[in-house]
Amino acid sequence: MRPPRKTTAPASTEHKNQDHHNHEHDTETTFTPTTDICQQLLDRYNKSSAPQHRHLIATAAATRSLLLSSSLPLTPLSYFAASVATLADSDLTLDADALSALTAFLAIVLPLVPENAIVPSKAAEAVVVLVGVAEGRSDAVSNASARAVVKCLGVLLGFCNLDEWNSVKLGFETLLKFSIDRRPKVRKCAQDCVVQVFKCCSHAYSTETYSSNLSVKVSLKITSQLHKVMNSHFSALTRHIFGVIKAVFETSKGEVVILVAENIMKSLESYISLGEKNPTDTVLYAATLLRSALDKLQAGEASKWIHNLPLIFGSIAGLLTSEASTAAQASDILKELINSHISGNLLTIDNKSVDDEVLCTMAANAIKSEVLRFPALGFAMGLTSFHYCESVVVGEISYLYMKDTILKLGDMMKLACQSKFDTKHLQECIGSAVIAIGPEKILTLVPINPNAEDLTCSNVWLIPLLRDYVVGSSLQFFIEHIVPLAESFLQVSAKAKKSASRKDLQAYARGCWGLLPAFCRHPTDTYQNFGSLVKLLIPSITKDSYMLQNIAIALQELVNQNRSVLGSSVSAGEFAAPPKTSEIEFGSKSYSKKKASRNIKVLASCSEELLQALVMSFLGQPQSSVHI
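If you're wondering where the values come from, they're calculated on a predicted model, not measured in any experiment.

## Focus on the overall build of the chain
The secondary structure content of the chain amounts to 26 helices and two strands. Looking at the chain as a whole, 52% of its 628 residues qualify as buried. Here the analysis covers contacts within the chain between residues at least 6 apart in sequence; of these, 72% occur between residues at least 24 apart. For the chain, the exposed surface amounts to about 28,300 Å²; the carbon and sulfur share of it is 52%.

## Points about the pattern of salt bridges
This model, assessed by the stated rule, comprises six salt bridges. For E125, the salt bridge identified is with K122, shortest N-O distance 3.7 Å. You can see E125 and its partner K122 sitting in helix α5 (residues 120-136), three residues apart, about one turn around the helix. Here E125 falls in the partly exposed class, since its relative accessible area comes to 46%. When the shortest N-O distance is used, the salt bridge between D468 and R467 registers 3.4 Å. When its relative accessible area of 35% is taken as the criterion, D468 is described as partly exposed.

## Let's talk about the nonpolar core
Formed by 101 residues in total, the largest nonpolar core has its most connected members in I37, L41, F80, L87, L156 and F242. It is helix α12 (residues 280-300) that provides the largest number of residues to this core, a total of nine residues. Lining this core are residues from two domains, each supplying at least three of them: domain 1 (32-200) and domain 2 (213-384). Once you skip the residues sitting within four places of it in the chain, F80 turns out to touch L106, V109, L110, V113, I118, A126 and L156.

## Section: unusual backbone geometry
A positive phi angle, close to 60 degrees, is found at S71, a residue other than glycine. The topology assignment puts S71 in the loop between α2 (51-69) and α3 (76-90). For N116, which is not glycine, the phi dihedral falls at a positive 65 degrees. With respect to the secondary-structure elements, N116 resides in the loop between α4 (96-109) and α5. With relative accessibility at 54%, the residue N116 sits in the exposed group.

## Things to note about the packing of aromatic side chains
For the structure shown, the criterion picks out seven aromatic pairs. Between F242 and Y285, the aromatic rings sit 5.8 Å apart at their centres with planes inclined by 75 degrees, giving edge-to-face as the arrangement. With a gap of 43 residues between them, F242 in helix α10 (residues 238-251) and Y285 in helix α12 connect regions that are remote in the sequence. The exposure class of F242 is buried, given its relative accessible area of 3%. The exposure class of Y285 is partly exposed, given its relative accessible area of 27%. Site record: aromatic cluster; members linked through ring pairs are F477, F478, W513 and F519. Taking NZ or CZ as reference, R44 lies 4.3 Å from the ring centre of F31, over its face. Residue placement shows R598 over the ring face of Y527; its charged tip is 3.9 Å from the ring centre.

## Quick look at the side chain of T238
Along the chain, the position of T238 falls in helix α10. Polar contacts involving the side chain of T238 include one to the main-chain amide nitrogen of S235, which spans 2.8 Å. Once residues within four sequence positions are removed from consideration, T238 is found in contact with H233 and Y271.

## Digging into helix α1 (residues 37-45)
Given 3.6 residues per helical turn, the α-helix brings residues three or four places apart onto the same face. Residues of α1 that are buried: I37, C38, Q40, L41 and Y45. One side of α1 holds all its buried residues, which, seen down the axis, span an arc of 160 degrees. One side-chain oxygen at the N-terminal end of α1 lies 3.3 Å from the backbone nitrogen of C38; it belongs to D36.

## Observations concerning α2
Across its 19 residues, α2 extends 27 Å between first and last C-alpha, which sits within 8% of the 27 Å expected from 1.5 Å per residue. Here α2 has its buried residues at Q52, H53, L56, I57, T59, A60, T63 and L67. For α2, the buried positions fall inside an angular range of 160 degrees around the axis, keeping them on one side. Exposed residues on α2 whose side chains face more than 90 degrees from its buried face are L68 and S69. Directly after α2, the chain includes S71, whose backbone phi takes a positive value near 60 degrees.

## Some details on the state of the cysteines
What the rule picks out here adds up to zero disulfides. We note that C152 lacks a disulfide partner, and the nearest cysteine sulfur, in C193, lies 9.2 Å from it. When its relative accessible area of 2% is taken as the criterion, C152 is described as buried.

## Observations concerning the environment of L56
Within the fold, L56 resides in helix α2. With 18 residues separating them in the primary sequence, L56 and C38 have C-alpha atoms 9.5 Å apart.

## Section: the confidence of the model for the chain
Averaged over the chain, the pLDDT score is 75; the fraction of residues at 70 or greater is 72%. At the level of individual helices and strands, the chain shows its lowest average pLDDT in helix α17 (residues 382-392), which scores 39, and its highest in helix α23 (residues 516-519), which scores 95. Contacts for the low-pLDDT stretch residues 1-28, under 50 throughout, to residues beyond four places or in other chains number 100 contacts. Low pLDDT, under 50, characterises residues 344-357; the stretch is placed with 17 contacts to residues that sit more than four places away or in other chains.

## Looking at the packing of helix α24 (residues 526-543) against helix α25 (residues 547-565)
Two elements in contact, α24 and α25, have axes whose closest approach is 11 Å; the angle formed by their N-to-C orientations is 160 degrees. In terms of orientation, α24 lies roughly antiparallel with respect to α25. Considering only the axes of α24 and α25, their crossing is left-handed. Between α24, through T526, F530, L537, S540 and I541, and α25, the contact on the second element is made entirely by M547, L548, I551, L555 and L558.

## A short note on the environment of Y79
Examined against the element boundaries, Y79 turns out to sit in helix α3. Judged by relative accessible area, Y79 falls into the buried class, the value being 0%. Separated by 34 residues in sequence, Y79 and V113 place their C-alpha atoms 9.3 Å apart. Each residue touching Y79, except ones within four places of it in the same chain, is listed here: D36, I37, C38, A60, T63, R64, L67, L74, F105 and V109. Among the polar contacts made by the side chain of Y79, one reaches the side chain of D36 at a distance of 2.6 Å.

Each value, and the rule that gives it
Residues numbered from 1 in each chain as written. Predicted model: local features only at pLDDT ≥ 70, side-chain atom pairs only at ≥ 80, totals over all residues. Heavy atoms only, no water. Helix = DSSP H or I, 4+ residues; strand = E, 2+ residues; numbered from the N terminus. Buried < 20%, exposed > 50% of the residue type's maximum accessible area, 1.4 Å probe, protein only. Contact = heavy atoms within 4.5 Å. Areas by Shrake-Rupley, 256 points an atom, 1.4 Å probe, with all protein chains shown as cover. Salt bridge = Lys/Arg side-chain N within 4 Å of Asp/Glu carboxyl O. Core = buried A, V, L, I, M, F, W, Y, C linked by side-chain atoms within 4.5 Å. Domains from an automatic or database assignment. Phe/Tyr/Trp six-rings, centres within 6.5 Å; stacked < 30°, edge-to-face > 60°. Lys NZ or Arg CZ within 6 Å of the ring centre and 35° of its normal. Polar contact = N/O pair within 3.5 Å; in protein donor to acceptor, adjacent residues only side chain to side chain. Arc of directions from axis to C-beta. Expected span 1.5 Å × (residues − 1). Disulfide = S-S within 2.5 Å. pLDDT = per-residue confidence, 0-100. Axes fitted to C-alpha atoms, helices over the stretch in contact; angles between N-to-C directions. Parallel < 35°, antiparallel > 145°, perpendicular 65-115°, else oblique. Left-handed = near helix turned anticlockwise from the far one by under 90°.

Here you go:
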């Protein structure tokens, strides 16, 4: 298999310091393989006065004369063979202009040669000739000549025997040498050719032409060459190496990637570990490659995947202490890792064989151990902690992995409240945790304690966070835990000696009751427990005027979110969707039509008494009319 056909030709460029060695034959103009290439060049450049064009036309004309005298067809294959023969016979006698023109002509002709038209042995011979020109005539090889040779090598490798390393070794190693050439255009051309080799082989594999595809042995040899030149410090070759690694991961057979992935991952981890000492874009590129490598291992080698998972997770997590934009991008990569590799199936091991069960347990333990290693990374900076928690807290299994992190966040919030620091990002972090694992588990880890001697240690800062972030909880939890919590605050306030403390405790009690609308955002048990909630609320309507607004909003919330599922034109309500700070999908908290229908029936049957109480309260307190 050879690279996709490139029918391009030189465009006009200027001399540099009038030095003929600097003629640039940029192949940017399209030619066709069905028309005599010499005639195409004459038609295009006959009126050009540029020396490089005059030399190119003369070379083409001389080659055509040679073919005609030998009664050979004027095809790209014939022009290729004649040009290589000329290079082999007279490369030591050609001056710089002639060598530049001949290599440029060959670079135009070679991509026009039909696929499989050059037998591998002849392609290998041509590679030897071109490498000899590049390395043996350094005095005469200009930038243009070097680029032309590189392009020819890139195409010729596609004609070589890709099952044999010796067939591609010389050409590939020469391309690697040119990949670090001091001349930028030559270096870039060589780097593009290396990537192209892998891409063209991927095309061969997709067409199931195995003989034209890189063998496992050759692929391993090539990737080992790349690994040798990898470095933990940035160099002119770094971006090129990463591009080739990307091509390897995308195009090589699974067995190849599995065999080379671990060594490459170690090098990538080493590169990432230097952080800001390397350019940010390359560090993030390396992180993306690590994710790709892990994907490949997960699909083909479970034991290696388990071994490398915590290392890769930790390596990328280390970027969360970088500046904000880098941390944000690292956060996105971590999210993709978590979505792909940390999922419920690590915990759901029913219907699996013993070996699979062991693997799942090992993977879960590996992830957990690594997550628990890095809480401090997420808390190094306020903004970074937001990105870290948003990345990690996604899904119910987060509770198993993030308990220590949430406890650390709680400690930080206490300190921030005592010191009156800005807590915006901390609140967003904890809010993400509330959405992900629910208020039930949050309050288990960070309980609100009305009896604390110092209210700053009672975690009352959680009340407004729960109000903003609770979604998909249960009415039962509100009835059995939040309402008793409000009553506890009132009981403690009655014993408070200081007026200020008493007022604070009463405010916290009202805050707990104020969580009612939040717990009515898509509760999981509406039709089971709404009746119990109504019985609890009716006394509050006549006794506590501040509850009117909460009850009215909560009722509206319940009705609107269920009617919207059933196709009603009623708006979903201002508080129906999770807060905008959340990246959890709203659909995951929604109802089925069957459940919404059951909820609506219960709401209709149980609301009459509640509405009567609200109307009576409205007549007595018209100031509450907005929400009622």
